[in-house]
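Notes for the structure review
One letter stands for each residue in the lines below.
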Amino acid sequence: MSVSTRRRRYAAVALATVAALATTTACGDDNEGGGDTGAKPEKLVVDTFGEAGYEDLVKQYEQQTGIKIELRKVAQLNEFRPRVVRSLATGKGAADVIMLEEGILNEFKLNPNNWVDLAPLVGDLSKDYLSWKYELGKAPDGRLMGVPTDVGSLGICYRTDLFKAANLPTDREQVSALWPTWDKFIETGKQYKQATGKAFVDSDTMAVNAVMFQQKGADLFFDKEDKMIADTSPAVKAAWDQAIALADAGITAKITTWSPEWNAGFKQGTFAATACPSWMLGIVESNSGPENAGKWDLAAVPGGAGNWGGSWLGVPTQSKYQTEAAKLAAFLTNTAGQVAAFKKSGPLPTNLKALEDPSFISYTNKYFSDAPTGKIFGESVQAIVPTHLGPKHQAVKENAMEPALRAYETGQLDKAKAWEQFTKDAATQGAF
Amino acid sequence: MSVSATKAPPSRGAPAKHASPGRRARYRFARWDLKYSPYLYIAPFFVLFGIFGLYPMVWTFWMSLHDWDLVGTHTFIGLENYTALLSDDYFWNAVRNTFGMFVLATVPQLALALFLANLLNRPLLRARTFFRMIIFVPNVVSVAAVAIVFGMLFQRDFGVVNWFLSLFGVDAIDWRREWWTSWTAISVMVDWRWTGYNTLILLAGMQAIPRDLYEAAAMDGASAWRQFWNVTLPMLRPTFVFVVILSTIGGLQLFVEPLIFNNGNIIGGTQREFQTVQMYMFENSIHNLSRAGYGAAVAWALFLMIVVVSVLNFVITRRSVK
């Protein structure tokens, strides 16, 4: 380790005070020190964000092993990340198993020493998962930083009741046929707007994400050497232009994703469709509430397969029970674990056997008008060719690209100025 | 224990001659006690301040002299972070936002607090204790809860404020879009929370003013307004300085309200319309792990700004009320 624990602790104290945060960091109960003791723990802590679908699984694990599992959930990735950072910087308070989204995994790969190499602990699982997904879990030094949980195969969630009111088809096959391309998608949106006077989708940022990840194998903000190329990357430009076109069509509700307005928009029908990576299903369901059950459905995404998001489970080196934590991570991501999580909250399996599991393929999502989500997503997942994300992808996307697009959407900046702001901020946000 | 006690000679005979060793020890202890105990009594504060106040400050300064990766390596670079800060547009933007919101929140807040304190200070007011208690309640509520609730009130689509304004034919305002709308919303949050607090401090100051001054003024035919202006305000000066400095320190460290107002987004609005210095520091040190040293420099810049403004406040407030 390059820095002694003591110095890191000092840094932490300084930072915590300076930040004047009201948040407590006092959750390091039995995690102090770190290093594997090999002992059987009384309790393991699991940190997840969004809806991972682990609630029932951990209960099952508790019964099997007698180890108590504490599941800590955070709704949003941008709240989750600082917590992980804080615990890494202070050497204290990290969970034993931490869910790492692709954006932050890449960032943490810059300092792989904070993470346990799982390969010796869980055995060779390389044949168990989609091979690209498994490989992405490895740090540059070769260690296995995380075992794969899910991928975010793309779809479009839409409200059948609102489509019906706009005289659009409601059957998912027919709806999918409406929009083989993004241009057709915008056409449909215009029809919807004309019929109802209401916005069709939540914002232009939903398109930029979807389109970026559909650029098979392309470099996004960073090239393969992790050099910043946001201003010249064709994939980024393509996605940007598509988002601008969406905004220009005037069919967006101009709502910031993850904001309370966005959450309320699901219930109120402020928009009729949004991009749905598989993990989004659980979020659409919890935001829309039981009163809207059966109103949502799932159609194909325009423009072909793509992967948005998806995570891994990692074990920080500060965990005292690394072996047991690794076992738990393996349990949560094995065939049965991934199928169960999918049924609970929608994260799409990456485990090959789970993808072939009959109960996965035949699964229909009751909330989404009995859509055969297993079949729909399961087929598209095979077609995914992942894009290359650099170490600061998340920061560039969240603090440079999306704000600039939002500013364009709400008319604060013109096209050229928005692009200028984006590329300027991308350079700062992408520095590491 | 008073100082005079030590100087009084021992009541029974001269200690040098007859004192037993035990007595002498006790005498020595008493002397030691007198000399050093006061330091022990005040020690806890200084020890705690040293650990939680001074040490982190010095350490932050040390960090600010480095290219510091929070979870990685550190390289000494001297004052480079500070020179970079001076030409950083986003830093100055944050400074402007912080001061803008500080003025927008503090000026009406103190005026209102003064007004309320004066009302509560009237001897004929009924249920005075009730009002004095109720006015403090907002301050007890968690700041995050306040920010969340106000964030909802100031929503564009389903917010109560926009609904209310629509009664007067005002179109729905996107409060997070413009600098002035967001500053207003955030200032309202701050004022809701702190007006009562400042009112109570000012009220306490008012009650310490001797009543005979008012009686004398009344005898000379001074109106209530005149009394307020010529008796209350000058006598309130020390309290007012205290309140202003406290508001300055709090106002310049604004963080939670603007952060939660935009749903935890660290850059404030899409063009950083309401990103404060504190948020900018957080963006650099926590969000961008590799720039923690730069974040520490922002923290020190903020500290220096608070010192300067507090001193300025002190000087100006002292003069103007004179």
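Residues numbered from 1 in each chain as written. Chains lettered and ligands numbered in written order. Predicted model: local features only at pLDDT ≥ 70, side-chain atom pairs only at ≥ 80, totals over all residues. Heavy atoms only, no water.

In the annotation of an unreviewed UniProt entry, the entry for chain B reads ABC transporter permease, and the organism field reads Phytohabitans flavus. Entered under Subcellular location (unreviewed entry) in the UniProt record, the comment concerning chain B runs "Cell membrane". Of chain B, the UniProt comment under Sequence similarities (unreviewed entry) reads exactly: "Belongs to the binding-protein-dependent transport system permease family." (UniProt positions renumbered as here; feature names shortened; annotations may be inferred.)

Under an unreviewed UniProt entry, chain A has the name Sugar ABC transporter substrate-binding protein and belongs to Phytohabitans flavus.

1. A few points about the overall build of chain A
Of the regular secondary structure elements, chain A holds 20 helices and ten strands. Taking 432 residues into account, the globule formula puts the C-alpha radius of gyration at 22 Å, and chain A, at 22 Å, falls close to it. Based on the C-alpha atoms only, the size of chain A along its principal axes is roughly 65 × 50 × 40 Å. Counting every position in chain A, which comprises 432 residues, the buried fraction comes to 60%. Carbon and sulfur atoms make up 51% of the accessible area of chain A, which amounts to about 16,000 Å² in all. Mean positive and mean negative side-chain charge positions of chain A (46 and 51 charges, respectively) differ by 3 Å. (Helix = DSSP H or I, 4+ residues; strand = E, 2+ residues; numbered from the N terminus. Rg over C-alpha atoms; globule rule 2.2 N^0.38 Å. Buried < 20%, exposed > 50% of the residue type's maximum accessible area, 1.4 Å probe, protein only. Areas by Shrake-Rupley, 256 points an atom, 1.4 Å probe, with all protein chains shown as cover. Lys, Arg positive; Asp, Glu negative; His and termini not counted. Charge placed at Lys NZ, Arg CZ, Asp CG, Glu CD.)

2. Focus on the pairing of strand β7 (residues 273–277) of chain A
Residues and elements named next belong to chain A. Most of β7 sits inside the fold, with five of its five residues counted as buried. Note: strand β6 (residues 154–159) against β7, five bridges, orientation antiparallel. By the bridge assignment, I156 is partnered in β7 with A275. (Pairing = 2+ DSSP bridges.)

3. Section: the state of the cysteines
All names here are of chain A. Counted by the stated rule, this structure contains one disulfide over all chains. Across the disulfide from C157 sits C276; the S-S distance is 1.9 Å. Across the disulfide from C157 to C276, rotation about the S-S bond amounts to roughly -110°, and the bridge is consequently left-handed. Here C157 is found in strand β6, whereas its partner C276 is found in strand β7, with 119 residues between them in sequence. (Disulfide = S-S within 2.5 Å.)

4. Section: the pattern of salt bridges
All names here are of chain A. Applying the stated rule across the entire model yields 21 salt bridges over all chains. A salt bridge links D161 to R159; the shortest N-O distance between them is 2.9 Å. Relative accessible area serves as the criterion here: at 4%, R159 is assigned to the buried category. Here K397 makes a salt bridge to E402, at a shortest N to O gap of 3.2 Å. Note on accessibility: K397 and E402 belong to one class, buried. One salt-bridge network, held together by shared partners, links E51, E55 and K73. (Salt bridge = Lys/Arg side-chain N within 4 Å of Asp/Glu carboxyl O.)

5. Focus: a positive patch on the surface
Residues and elements named next belong to chain B. Among the surface-exposed residues, R24, R28, R31 and K35 lie close enough to one another that they form a single positively charged patch. Positionally, R24 belongs in helix α3 (residues 21–64). Note on R24: relative accessible area 44%, which makes it partly exposed. (Patch = residues over 30% accessible without salt bridge, like charges linked within 9 Å, V, L, I, M, F, W, Y side chains within 5 Å.)

6. Section: the side chain of A:N287
With respect to the element layout, A:N287 can be found in helix α13 (residues 280–288). Leave out the neighbours within four places in its chain, and A:N287 touches A:W262, A:N263, A:F266 and A:K267. (Contact = heavy atoms within 4.5 Å.)

7. Notes on the nonpolar core
A:F185, A:F200, A:F221, A:W240, A:M401 and A:F422 are the most contacted members of the largest nonpolar core, which totals 86 residues. When residues in this core are grouped by element, the largest group, eight residues, is from helix α11 (residues 234–248) of chain A. Two domains share this core, each providing at least three of its residues, namely domain 1 (37–151 + 309–361) and domain 2 (154–307 + 378–429) of chain A. When neighbours within four sequence positions are excluded, A:F221 is seen to be in contact with A:M212, A:K227, A:M228, A:I229, A:A230, A:V236, A:H393, A:V396, A:K397, A:M401 and A:F422. With 65 residues, the next largest nonpolar core counts A:Y54, A:L118, A:A326 and B:L289 among its residues. (Core = buried A, V, L, I, M, F, W, Y, C linked by side-chain atoms within 4.5 Å. Domains from an automatic or database assignment.)

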